[in-house]
Each structure stands twice: as C-alpha cells, then as structure tokens.
Amino acid sequence: NPYSFYVGELEKIYCTDFEADDGGFTHSLLSGDEQEGADDWQWGTPNGLGGDPSFAASGSNSWGNDLGGVVNGEQYNGEYQNGKHNQLLSANYDISDYETVVISYDRWLTVEDGEYDQAIIMANDSEIWSNHSSSGGDDHHRDEQWQNHSLPISTNGDSYMQFAWEISSDQGLTMGGWNID
C-alpha cells in the first residue's frame, strides 16, 4: 500500500486521540438493510478480529468498523457486513483562514479491492481518497500496522470543512474495514 506524509510546517486546527471522548464524531447507515450491526462504527478498544489491530494507535480508544467482541450481548466478528454503506462523520471545522488544510490521522484499513468494496474519505461531500480498484478485483487493501495517512486539501474558499470515512460493501468477501486514531 502506498504511504503518504506531509512535509512542512502545520498549524493545528483540531487534534484528538479519542481517549477523553469520541471527538464529537457521529455515524450512520447510508444504505442497506437495517439490522443489528449494520451501522457498525464503534468507538473503543479494537479486539484484533477480522484483520483489525488489537490495540489503538495511541492510548486505548479509536474508531473502527466493528471493533469485535461482545456489544449489548451480541458477538461481533471484527468485519463489516455485506451490502452496507455506512459513514463516520466528523464535526464541522472552521477553516476560513486557510487556503489549504491537511488531514493527518493514523489508520489500519483492510478492505476488499475497490472493484467490489469501497473505502472512501470525503471532505465537504467531495471524495478526496478511495482504495484502489484493479481490473482483476484481487488487489485488496490490507494495512498490517497503523499507518499515518496525510492528505492536503484545497479549501476552495469554504469557511468550514467536515470529513467522512465511508465503507460501501458488496455481497461477497468482508474484511475489518476502517480503524482510525
């Protein structure tokens, strides 16, 4: 998987490690049958199931698709479900003083080739990153450790920016999905 990083000075607009709270993030099922675990975004400690890490990048807590373990009496396997499209949404951040912002976070992502399942990052409803889609459908994205992922984004004159991490799955193979910290 390609690595990305940013070189240069940065001014912090917002930072969190998800230890004190969930960062004010919200989550929802965008499409697919509503059932237990369909909106599988969870905040807490990952359990190392389905290709996920068994620890957060820093501290104890992170956000992820189905962190595994027992939740409300139900056993979760660490994998996102088939035929679902769900989203983790950040708060709106004031970017009125900037022409470019950089989102930089740690991720552990396992997802089927983009021909079948799509892991996407959005900024103000515009796609800024997605997993690779090969013509053969066998180029799965499998981070095997926490990776820093940095993306510079033009503000296009917007005063606020909101980020979303999404996963959209077909009816076949499932993996661990997103883990972000």
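Placed above this text is the structure.
Calculation notes
- Residues numbered from 1 in each chain as written.
- Predicted model: local features only at pLDDT ≥ 70, side-chain atom pairs only at ≥ 80, totals over all residues.
- Heavy atoms only, no water.
- Core = buried A, V, L, I, M, F, W, Y, C linked by side-chain atoms within 4.5 Å.
- Buried < 20%, exposed > 50% of the residue type's maximum accessible area, 1.4 Å probe, protein only.
- Helix = DSSP H or I, 4+ residues; strand = E, 2+ residues; numbered from the N terminus.
- Contact = heavy atoms within 4.5 Å.
- Pairing = 2+ DSSP bridges.
- Axes fitted to C-alpha atoms, helices over the stretch in contact; angles between N-to-C directions.
- Phe/Tyr/Trp six-rings, centres within 6.5 Å; stacked < 30°, edge-to-face > 60°.
- Lys, Arg positive; Asp, Glu negative; His and termini not counted.
- Salt bridge = Lys/Arg side-chain N within 4 Å of Asp/Glu carboxyl O.

K.L.:
Please provide a residue-by-residue account of the nonpolar core, values included.
P.N.:
Formed by 26 residues in total, the largest nonpolar core has its most connected members in Phe25, Phe163, Trp165, Trp178 and Ile180. Among the secondary structure elements, those contributing two or more residues to this core are strand E8 (100-107), strand E10 (118-123), strand E13 (147-154) and strand E15 (163-168). Once residues lying within four places of it in the same chain are set aside, the contact partners of Phe25 are Phe18, Trp63, Leu88, Leu89, Ser90, Tyr93, Trp165 and Ile180.

K.L.:
Account for the pairing of E15, with residues named and values stated.
P.N.:
With six of six residues buried, E15 is to be regarded as a mostly interior element. By the alternation rule, side chains of E15 split into Phe163, Trp165 and Ile167 and Ala164, Glu166 and Ser168, which are all buried. Taken together, the five bridges between strand E6 (residues 85-89) and E15 define a ladder with antiparallel strand orientation. Bridge pairing in E15 places Leu88 opposite Trp165.

K.L.:
Residues and numbers for unusual backbone geometry, please.
P.N.:
Positive phi, close to 65°, is recorded for Phe18, a residue that is not glycine. Mapped onto the secondary structure, Phe18 falls in the segment before strand E1 (26-31). The buried category is assigned to Phe18, whose relative accessible area is 4%. Positive phi, normally seen in glycine, also occurs at Asp66, with a value near 45°. Within the element layout of this structure, Asp66 appears in the loop between strand E3 (62-65) and strand E4 (69-71).

K.L.:
Any details on the side chain of Asn61? Residues and values, ideally.
P.N.:
In this structure, Asn61 sits in the loop between strand E2 (41-44) and E3. Once residues lying within four places of it in the same chain are set aside, the contact partners of Asn61 are Asp17, Phe18, Glu19, Trp43, Gly44, Thr45, Ala56 and Asp181.

K.L.:
Please set out the sheet that holds E6 residue by residue, giving values where relevant.
P.N.:
Ordered by their spatial adjacency, five strands build an open sheet running E1-E6-E15-E10-E11, and the pairing between neighbours is antiparallel. Looking at which strands have only one partner, the edges of the open sheet turn out to be E1 and strand E11 (126-130). Between one strand axis and the next, the sheet turns through 25° on average, direction left out of account. With five bridges joining them, E1 and E6 adopt antiparallel strand pairing. Residue pairing in the sheet places Leu29 in a bridge with Asn86 of E6.

K.L.:
Would you mind going over the packing of aromatic side chains in detail, with residue names and values included?
P.N.:
Per the counting criterion, the structure on display carries nine aromatic pairs. Clustering of aromatic rings is evident, with ring pairs tying together Phe18, Phe25, Trp63, Tyr105 and Trp165.

K.L.:
An account of the environment of Asp33 is needed here, citing residue identities and associated values.
P.N.:
Turning to its location among the elements, Asp33 is positioned in the loop between E1 and E2. Excluding residues that lie within four positions of it along the chain, Asp33 makes contacts with Ala38 and Lys84.

K.L.:
An account of the environment of Ser31 is needed here, citing residue identities and associated values.
P.N.:
Residue placement: Ser31 occurs in strand E1. Given the relative accessible area of 36%, Ser31 is considered partly exposed. Distance from Ser31 to Gly137, taken between C-alpha atoms, is 23 Å for residues 106 residues apart in sequence.

K.L.:
I'd like to hear about the side chain of Glu112, residue by residue, with values.
P.N.:
With respect to the secondary-structure elements, Glu112 resides in the loop between strand E9 (110-111) and E10. The charged side chain of Glu112 is buried without a salt bridge, its nearest counter-charge being Arg142 at 8.6 Å. If we skip the residues at most four places from it in the chain, Glu112 touches Tyr80, Asp117, Asn131, His140, Asp170, Leu173 and Met175.

The values reported here are purely geometric and, on their own, carry no functional implication.
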